[in-house]
Amino acid sequence: MIVPVLLCGGSGTRLWPLSRKSYPKQFADLTGDESLFQASARRYSGADFAAPLVVTSDSFRFIVLEQLDDIGMRPADVLIEPEGRNTAAAAVVAALHVAQQDPEALILIGPSDHAMEAPGSFREAIVRGSAAAREGRIVTFGIRPDRPETGYGWLEAGETTHEGVQALTRFIEKPDAARAAELLSDPDNLWNAGIFLASAGTLVEAFKTHAPTIHDSVQAALQAARKDLNFTRIDEALWAEVPEDSIDYAVMEKARNVSVVPYDGHWSDLGSWEAVWKETEKDALGNGLSDNATALNCKGTLLRSEDPGIEIVGIGLENVVAVAMKDAVMVADMSDSQNVKQAVTLLKEKGASQAVQLPRDYRPWGWYETLILSSRFQVKRIHVHPGAALSLQSHVHRSEHWIVVSGTARVTVDEKVTLVTENESVYIPLGARHRMENPGKVPMVLIEVQTGAYLGEDDIIRYEDVYARG
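Residues numbered from 1 in each chain as written. Predicted model: local features only at pLDDT ≥ 70, side-chain atom pairs only at ≥ 80, totals over all residues. Heavy atoms only, no water.

In the annotation of an unreviewed UniProt entry, the entry for the protein reads mannose-1-phosphate guanylyltransferase, and the organism field reads Histidinibacterium aquaticum. Recorded in UniProt for the protein, the comment headed Catalytic activity (unreviewed entry) runs: "alpha-D-mannose 1-phosphate + GTP + H(+) = GDP-alpha-D-mannose + diphosphate". According to UniProt, the comment filed for the protein under the heading Sequence similarities (unreviewed entry) is "Belongs to the mannose-6-phosphate isomerase type 2 family." (UniProt positions renumbered as here; feature names shortened; annotations may be inferred.)

**Observations regarding the overall build of the protein**
For the protein, the helix and strand inventory stands at eleven helices and 30 strands. Scaling as 2.2 N^0.38, a compact globule of 470 residues should have a C-alpha radius of gyration of about 23 Å, and the protein matches this with 24 Å. Counting only C-alpha atoms, the protein reaches 75 × 60 × 40 Å along its principal axes. If you take every contact in the protein between residues at least 6 apart in sequence, the share linking residues at least 24 apart comes to 68%. Per element, the accessible surface of the protein, about 20,900 Å² overall, is 49% carbon and sulfur. (Helix = DSSP H or I, 4+ residues; strand = E, 2+ residues; numbered from the N terminus. Rg over C-alpha atoms; globule rule 2.2 N^0.38 Å. Contact = heavy atoms within 4.5 Å. Areas by Shrake-Rupley, 256 points an atom, 1.4 Å probe, with all protein chains shown as cover.)

**Focus: the packing of aromatic side chains**
Applying the stated criterion across every chain yields a total of 13 aromatic pairs. Judged by centre distance (6.3 Å) and plane angle (55°), the ring pair of tyrosine 44 and phenylalanine 122 falls under tilted. Taken together, the residues tyrosine 44 in the loop between helix H1 (36–43) and strand S2 (53–57) and phenylalanine 122 in helix H4 (residues 119–134) connect sequence positions 78 residues apart. We note that tyrosine 44, like phenylalanine 122, is buried. (Phe/Tyr/Trp six-rings, centres within 6.5 Å; stacked < 30°, edge-to-face > 60°. Buried < 20%, exposed > 50% of the residue type's maximum accessible area, 1.4 Å probe, protein only.)

**Here we look at the packing of H1 against helix H2 (residues 61–70)**
At a closest axis distance of 10 Å, the pairing of H1 and H2 adopts a crossing angle of 60°. With respect to H2, the element H1 is oriented oblique. Remark: the crossing between H1 and H2 carries right-handed chirality. In contact with Phe37, Gln38 and Ala41 of H1, H2 contributes Val64, Gln67, Leu68 and Asp70. Grouping the constituent residues of the contact of H1 with H2 by class yields four nonpolar, two polar and one charged. (Axes fitted to C-alpha atoms, helices over the stretch in contact; angles between N-to-C directions. Parallel < 35°, antiparallel > 145°, perpendicular 65-115°, else oblique. Left-handed = near helix turned anticlockwise from the far one by under 90°. Nonpolar A, V, L, I, M, F, W, Y, C, P; charged D, E, K, R; others polar.)

Following this line, the structure appears as structure tokens:
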């Protein structure tokens, strides 16, 4: 059995404003009805695969569980990184975790934000690489290129070592346009997909040899990890001492036992809005349009509205990408879409919350979004999943008024517990201990009106929380 390791702790800047630090692209429905994370989990499932091991951040731990549950899957474990330390640390912590149980187990490490058209054929490529991996090779996967791509790293494949497997001659940095055209002319040159297959023990030994400082510091942090609900929480202080590096630089470019499996199917890392446009169904003039988008005299353009209440209209545009959300709009020349992350940096410098935070804030019990925010009042829409409950809490600076608009809420205010149904309301005085729960089988939605001198999310004193938040 192969243990899939899904890496999903990215910062989400390249597809802003849809993807942000609070909710990066792997959790969004970019190319279909499922998120990229869910599609990745499905891709690495079946007879040859064990339950996935997920490496993510504290902010995304409940999103991971919810999205896996939505597709009928449960992870073997979820490792929580206290902070991102790049792919080297994430890879070796997963390898060490699996090796504790079985160092001979094969692990497949890869990002959870890529798109593949035929997941079955990629599973076949993984199986082809398994024989080499069981013999102590580290197997990576190279995509047959169809254009002189400058946004990807490349691989140079050498002699055949196993059926469908070649020795890896070298890694090639992202090339300029002339070099990319030169690489495209040689069939042994492939795009680097950043996906690796090896036994857990082989990968651990590679880190011991080529990146001992990373190995030792990660091992110490993992040994000091603690269980927290359904998660394994890596020690924060020790993790902070882990050097930050990519798995390519730290190990793969130094190791002599790396092989590559060429893959002929369609693949994209969706690393820019231009890449998303290429994956989007288009009209006769090459325009990719969302449900709430209209194009007039446009050509080769991507128009997306991510809010059902916002219509986006393009007139006379060519090679343009425009993405509209409730709180931000991004418009760029398609050829400049790789520079979106620079715009995010500028927004951070001016203190714009839109740089990192979505209008919808996801929590383990559901989500909320602010409808109106003023100096002394705020109006929110709150969605609570069936069976979920917010923490028992109080506020120092605000009172709240809840109006249920869908479903039923069980509301606790100090010692009183009541059921509040549609079109009914309840008042939460300042300082009162309170909680809302959804005891029903359908989502519960309410409107919350806050009034007070301070309306920040940090004005919370928690007394009980089923999600073990501080």
